[in-house]
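Residues per chain are reported as follows:
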Amino acid sequence: MEQDHPLIRDAFPDLIAELIALLEDEGERELAICAWDLRLVDECGCGDGFCQSIRTADHPRGQPYGPGHRCVPLLPSKGMLILDVVDGRIMYIEILDRPPMHRRGPQP
Ligand SMILES: [Zn+2]
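Quick summary incoming for the structure in this document. Quick caveat: nothing in here was measured; it's all calculated off a predicted structure. (Residues numbered from 1 in each chain as written. Predicted model: local features only at pLDDT ≥ 70, side-chain atom pairs only at ≥ 80, totals over all residues. Heavy atoms only, no water.)

**Some points on the overall build of the chain**
Here is the rule we go by: Numbering of helices and strands starts at the N terminus; helices are DSSP runs of H or I of at least 4 residues and strands are runs of E of at least 2. Each residue is placed in one exposure class: buried if its accessible area under a 1.4 Å probe, protein chains only, is under 20% of its type's maximum, exposed if it is over 50%, and partly exposed if it falls in between. Residue exposure ignores everything except the shown protein chains as possible cover, and the areas themselves are Shrake-Rupley values with a 1.4 Å probe. In this tally, Lys and Arg are treated as positive and Asp and Glu as negative; His is ignored, and so are the chain termini. Lys charges are placed at NZ, Arg charges at CZ, Asp charges at CG and Glu charges at CD.
Within the chain, the regular secondary structure consists of three helices and five strands. Overall, the chain shows an N-to-C arrangement of helices and strands of α-α-α-β-β-β-β-β. Structurally, the chain occupies a C-alpha span of about 35 × 30 × 25 Å along its principal axes. Counting all 108 residues of the chain, 41% fall into the buried class. As displayed, the chain has an accessible area near 6,500 Å², and 52% of this comes from carbon and sulfur atoms. With 11 positive and 19 negative side-chain charges, the chain shows a spacing of 4 Å between the two charge centroids.

What follows is the structure, encoded as structure tokens:
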């Protein structure tokens, strides 16, 4: 069912462009390639005004990611971008203290 989720590069092209550039700066080439195909599975939903985080894979909320998990903090010009990666797969994009993102294309 993953194909039903919109590509983030369609919904938030500026975000993906920045993410890929930051990942390449960090030497994370594999993740930069993955980022292009990330899908918007769900919004974080925590309701915090400063949080625009995106879930990019199906994973039970509140469950630990397990031993293959690592955090990849990036250094954007504004706010914070932190990836949760499990076994090379980007599960979650933490997007904090960033200017409001305006989604393109049809709303769900
Ligand atoms: Zn949140």
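**Description of the environment of L22**
How we decide: Should any heavy atoms of two residues lie within 4.5 Å, those residues are counted as being in contact.
Of note, L22 is situated in helix α2 (residues 13–25). Residues L22 and L75 lie 53 residues apart in sequence; the distance between their C-alpha atoms is 7.0 Å. Setting aside residues up to four positions removed in sequence, L22 forms contacts with L74, L75, P76 and L81.

**As for the pattern of salt bridges**
Here is the rule we go by: Salt bridge, as applied in this entry: a Lys or Arg side-chain nitrogen positioned within 4 Å of an Asp or Glu carboxyl oxygen.
One pass over the full model with this rule turns up six salt bridges. We note a salt bridge from R98 to E18, for which the minimum N-O separation is 2.7 Å. Of this pair, R98 sits in the segment after β5 (89–96) while E18 sits in helix α2, and the two are 80 residues apart along the sequence. For R98, a relative accessible area of 15% gives the class buried. We classify E18 as partly exposed; its relative accessible area is 23%.

**Quick notes on the pairing of strand β4 (residues 80–86)**
Condition: Only strands that DSSP links by at least two bridges are regarded as paired with each other.
Taking burial as the measure, the seven residues of β4 include six buried ones, the bulk of the element. The pairing of strand β3 (residues 69–74) with β4 spans six bridges and is antiparallel. The partner of P73 across the bridge, within β4, is I82. Between the end of β3 and the start of β4, which pair antiparallel, lie five residues, with G79 showing a positive phi angle near 65°. Where β4 meets β5, seven bridges bridge the pair, whose relative direction is antiparallel.

Read these as geometric descriptors, not functional statements.
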